[in-house]
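# Coordinate analysis (summary)
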Amino acid sequence: MFELFKSNNMFRRLLGYQIFSGLGGGIFSIFMLLSVHLLYGNPIFTGIAGVLMAGPQIFAFTVGPIVDRRHKVTIMRVTTLLEFVVLATLAFTPIIDTIGDIALFGAVFIFSSAALFEAPAGTALLPQIVPENKIMEANSLIQIAAMSGGIIVGVGLFVFFGGLDADLSVVYAFSAVFLAIALLFSLFIKDPNAPSAQNGQKANYIQDLKEGGRFIRKNVLLFITIAVVAQMFFMEIASVNRPAFLETHVGAQGYIVFTMTALIGGIVASALMGSLGKKFKTGWMIFVLFAISGGVRIFFAFILPHSYAGGLATMVVYATLGSAIGITISSLRQRIPKKDMVGRVDTISTTFSAIAVTVGALVGGFLGNAVADVAYVFVYQGIALVAISLFVILVPSIRKLPKMNDIDKNED
């Protein structure tokens, strides 16, 4: 797996960009939801923040044709710069103290809108610079590097700031610094197909969207998207209630510890998928990952109130399974379509997932207030994941998916 890192110079540059971009955005996302929860103590407000973070992704389908036809590296540079400006404003100006809620939620919306372009650009660029049979390994290496950095930075912030005693504007400042470093890395990345991206033809974005939609409808990716949409809906319901659930049982500082622990699961999953993922039939692997993650999530709801260590261990296992699912799905979206259609396929799928996340954030906010014990929210999520696994195995086109490296372009 690490041979790709040693032999591909352009991939190393993209990896550096992804590490620092992920650190900047990840720290912002983690601390933003936590700060909203601590500031207002109301799941509905946390849900609103979740909606603003996911809401712009509903329009991801409009981004796909732009990413496919335009210079992907330029898109990454411009959006990273905008994200840096947002976080620098939060860190170095009294805008939140002056304007209040509007500034806080406005920053979330602008940052999420920029990420709307940045993420698919990086996704579409990867197949341009690594061989097809190395895509899963490349995704795994990116995850390992980003999550390892996240753990180091997260622990450093936790220790340096004494948990949550410091002004969160300092956290935003760190995020801004990481995004600035990511921007520097992007200056050394080249898009190999940039000269042919325009092809001298007038762009027809509506036609491009229709073409991407037809491809998904007639492809196994349709059913994969349905499964992911359901997964994201129930995951977001649980996510907006996670701060309250963890604060109740392990305290506000425990929230950070559990978040960092989840990153360990991501690293484990990345290492396993990078070395072993391509050796199993993809469809059956997805089924097993969904089924086990559902059972683990239910166990988490009952074990955490009684055992801190048990909760941590369960979080690692759940995060490992969830990350493995994510790496597999991302690799399928990059492996199955033609290279000039990856952006459209990815963003159309992202749009439906974003709708599910947005609705899930709202439902989660109200459900957190409605249930007698917020632990039931995680039980519902676990049951849903088991149901999704049954859907996956009952769909012939998913069940018959071969090993990752045996999948042909335009697989039916």
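The subject of this paragraph is the overall build of the chain. Looking only at helices and strands, one finds 16 helices and zero strands in the chain. Across the 412 residues of the chain, 55% fall into the buried class. When the accessible surface of the chain is summed, it comes to about 16800 Å², and 69% of that surface belongs to carbon and sulfur atoms.

Together, Lys210, Arg214, Arg217 and Lys218 line one region of the surface with positive charge. By the element assignment, lysine 218 lies in the loop between helix 10 (205–217) and helix 11 (221–276). Residue lysine 218 is classed as exposed on the basis of its relative accessible area, which comes to 64%.

Attention shifts here to the packing of helix 12 (residues 282–303) against helix 13 (residues 308–335). One way to put it is that helix 12 packs onto helix 13 with a least axis distance of 9 Å and a crossing angle of 155 degrees. Judged by the inter-axis angle, helix 12 sits roughly antiparallel to helix 13. Note that helix 12 runs across helix 13; the crossing there is left-handed. Where helix 12 abuts helix 13, its residues Thr282, Met285, Ile286, Leu289, Phe290, Ile292, Ser293, Val296, Arg297, Phe299, Phe300 and Ile303 lie against Gly310, Gly311, Thr314, Met315, Val317, Tyr318, Leu321, Ala324, Ile325, Thr328, Ile329 and Leu332. Of the residues belonging to the contact of helix 12 with helix 13, the class tally is 17 nonpolar, six polar and one charged.

Let us now look at the side chain of glutamate 236. Relative to the helices and strands, glutamate 236 is located in helix 11. No salt bridge is formed by the buried glutamate 236, whose closest oppositely charged neighbour, arginine 242, lies at an N-O distance of 8.9 Å. Contacts of glutamate 236, omitting those with residues within four sequence positions, involve Gly50, Val357, Gly360 and Ala361.

So, on to the environment of alanine 54. Along the polypeptide, alanine 54 turns up in helix 3 (residues 43–54). Given the relative accessible area of 8%, alanine 54 is considered buried. Residues within four places of alanine 54 in sequence aside, it is in contact with Ala354, Val357 and Thr358.

Residues Phe11, Leu14, Val130, Ile189, Phe258 and Phe300 are the most contacted members of the largest nonpolar core, which totals 56 residues. Looking at which element gives the most residues to this core, the answer is helix 11, with eleven residues. Setting aside residues up to four positions removed in sequence, valine 130 forms contacts with Leu4, Asn8, Phe11, Ile135 and Ala138.

Let us now look at the confidence of the model for the chain. On average, the chain scores 81 in pLDDT, and the residues at 70 or more come to 85%. Model confidence for the chain, summarised as mean pLDDT per element, is weakest for helix 6 (residues 95–99) at 56 and strongest for helix 12 at 95.

Together, Ile264, Val268, Leu272, Leu276 and Phe280 give the surface a local cluster of nonpolar side chains, amounting to about 410 Å² of exposed area. Of note, leucine 272 is situated in helix 11. The class of leucine 272 is partly exposed, set by a relative accessible area of 43%.

Criteria and thresholds
- Residues numbered from 1 in each chain as written.
- Predicted model: local features only at pLDDT ≥ 70, side-chain atom pairs only at ≥ 80, totals over all residues.
- Heavy atoms only, no water.
- Helix = DSSP H or I, 4+ residues; strand = E, 2+ residues; numbered from the N terminus.
- Buried < 20%, exposed > 50% of the residue type's maximum accessible area, 1.4 Å probe, protein only.
- Areas by Shrake-Rupley, 256 points an atom, 1.4 Å probe, with all protein chains shown as cover.
- Patch = residues over 30% accessible without salt bridge, like charges linked within 9 Å, V, L, I, M, F, W, Y side chains within 5 Å.
- Salt bridge = Lys/Arg side-chain N within 4 Å of Asp/Glu carboxyl O.
- Lys, Arg positive; Asp, Glu negative; His and termini not counted.
- Charge placed at Lys NZ, Arg CZ, Asp CG, Glu CD.
- Axes fitted to C-alpha atoms, helices over the stretch in contact; angles between N-to-C directions.
- Parallel < 35°, antiparallel > 145°, perpendicular 65-115°, else oblique.
- Left-handed = near helix turned anticlockwise from the far one by under 90°.
- Contact = heavy atoms within 4.5 Å.
- Nonpolar A, V, L, I, M, F, W, Y, C, P; charged D, E, K, R; others polar.
- Core = buried A, V, L, I, M, F, W, Y, C linked by side-chain atoms within 4.5 Å.
- pLDDT = per-residue confidence, 0-100.

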